[in-house]
Amino acid sequence: MSATVKPTAQVDDRATLGDGTTVWELAQVRENATLGEQCIVGRGAYIGSGVQIGHRVKIQNHALVYEPAQVADGVFIGPAAVLTNDEFPRAVAPDGMLKSGADWTPVGVTIEEGASIGARAVCVAPVTVGAWALVAAGAVVTKDVPPHALVVGVPARRIAWVGRAGKPLTDQGDGTFTCPETGEAYREVDGRLEPA
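Per chain, residue numbering runs from 1 following the sequence as it is written. The model is predicted, so local features are restricted to residues of pLDDT at least 70 and side-chain atom pairs to those at 80 or more, both for listing and for counting; the totals for chains, interfaces and linings are taken over all residues. Here the side-chain values reflect all heavy atoms present in the structure, with hydrogen atoms and water set aside.

> Help me understand the packing of aromatic side chains, please; the structure alone is not making it clear to me.
Each aromatic ring pair is characterised by the separation of its centres together with the angle its planes make. Centre distance within 6.5 Å is the pairing criterion for rings of Phe, Tyr and Trp, where only the six-membered ring of Trp is used; planes under 30 degrees apart are then read as stacked, over 60 as edge-to-face, and the remainder as tilted. With the rule as written, the count across this model stands at one aromatic pair. Judged by centre distance (5.2 Å) and plane angle (45 degrees), the ring pair of Y46 and Y66 falls under tilted. In this pair, Y46 is assigned in strand β8 (residues 46–47) and Y66 in the loop between β11 (64–65) and β12 (70–71), connecting sequence segments 20 residues apart. Burial here depends on accessible area, computed with a 1.4 Å probe over protein chains only, as a share of the maximum for the residue type. Under 20% is buried, over 50% is exposed, and the range in between is partly exposed. By relative accessible area, which is 13% here, Y46 ends up buried. Placement of a charge over a ring requires the Lys NZ or Arg CZ to be within 6 Å of the ring centre, with the centre-to-atom vector within 35 degrees of the ring normal. Note that R158 overlies the ring of W161, its terminal NZ or CZ placed 4.0 Å from the centroid. A run of H or I in DSSP counts as a helix once it spans at least four residues, and a run of E counts as a strand once it spans at least two, with each numbered from the N terminus.

Following this line, the structure appears as structure tokens:
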């Protein structure tokens with residue numbers, strides 16, 4: 001098995017694509033980016049130089065993943081979502097001269113295993129989205145998201161917990177939660193969720 005790159009996609013020769021990965025039309029994968037096995041990079045998506053992406057990751061149409069992002073296994077990045085990399089963006093320096101790559105230090109977004117970033121959501125670096133968390137469509141993430149959190153809004157705030165299936169957990173009323181699909185049980189401890 002090998003990777004599939006559609007004719008209008010641009011994949012730099014120094015990028016690494018795992019077996020079974022597909023890069024669709026008009027997508028761009030920059031130099032030294034690494035994608036694991038069975039990934040999908042949608043039409044018009046952008047993967048920055050040196051970005052590290054795990055296995056079985058779906059990056060939907062027109063999503064922008066700027067370096068130095070780190071994306072773990074099983075992550076979903078929705079259509080037109082953006083992972084930024086500049087805390088203080090400016091086109092020009094204070095003297096009015098066009099900034100170059102040497103004039104700033106990129107900072108990254110980290111997305112942990114199984115997390116999902118909804119359509120048109122923005123993760124403002126540097127932030128970490130915890131494992132199995134769910135960032136709602138259109139949310140703007142400006143601070144770290146704990147594992148299993150469902151966050152919505154601008155700025156994003158937690159409104160519920162979600163399980164590995166992505167569905168909101170049922171509050172049992174005693175500090176424990178269960179997944180309506182899998183039956184997995186969790187408990188909330190100090191504002192974080194852990195297996196019960």
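Structure shown, so let's carry the discussion forward.
> Honestly, the side chain of T21 in this entry has me stumped. Any pointers?
When you line up the elements, T21 lands in the loop between β3 (16–17) and β4 (22–23). The exposure class of T21 is buried, given its relative accessible area of 0%. A polar contact of 3.0 Å, which involves the side chain of T21, links it to the backbone nitrogen of C39. Residue contacts follow a heavy-atom distance rule, with two residues in contact if any of their heavy atoms lie within 4.5 Å. When sequence neighbours within four positions are dropped, the list of residues in contact with T21 reads A3, T4, L35, G36, E37, Q38 and C39. For this analysis, a polar contact is any N or O atom pair within 3.5 Å, provided that within protein one partner can donate a hydrogen and the other can accept it, and provided that sequence-adjacent residues contribute only side-chain to side-chain pairs.

> What should I look at first to understand the pairing of strand β21 (residues 149–152) in this one?
A regular strand places its side chains on the two faces of the sheet in alternate fashion. Residue alternation in β21 divides its side chains into two sets, A149 and V151 and L150 and V152, and both sets are buried. What makes two strands pair is DSSP finding at least two bridges between them. With four bridges joining them, β21 and strand β22 (residues 157–161) adopt antiparallel strand pairing. Pairing of V152 across the sheet is with R157, part of β22.

> In this structure, what is going on with the sheet that holds β4? I would like to understand it.
Note: strands within a sheet are paired through backbone hydrogen bonds, in either parallel or antiparallel orientation. Here nine strands make up an open sheet; going across it, the order is β1-β4-β7-β10-β13-β16-β19-β21-β22 and the pairing mixed. At either margin of the open sheet sits one strand with a lone partner, and together these are β1 (4–5) and β22. As paired elements, β1 and β4 share two bridges and run parallel to each other. For T4, the partnering residue across the bridge sits in β4 and is T22.

> Can you help me understand the pairing of strand β25 (residues 185–189) in this one?
One ladder, built from three bridges, connects strand β24 (residues 176–178) with β25; its direction is antiparallel. Counted as the bridge partner of T178 is A185 from β25. The antiparallel hairpin formed by β24 and β25 contains six residues in its connecting segment, where G183 sits at a positive phi of about 80 degrees. Direction of pairing for β25 relative to strand β26 (residues 192–195): antiparallel, over a ladder of four bridges. Paired with R187 across the bridge in β26 is E194. Turn length for the β25-β26 hairpin, with the two strands adjacent in sequence and antiparallel, is two residues, and the turn residue D190 shows positive phi of about 50 degrees.

Function cannot be read off these values alone, since they describe shape.
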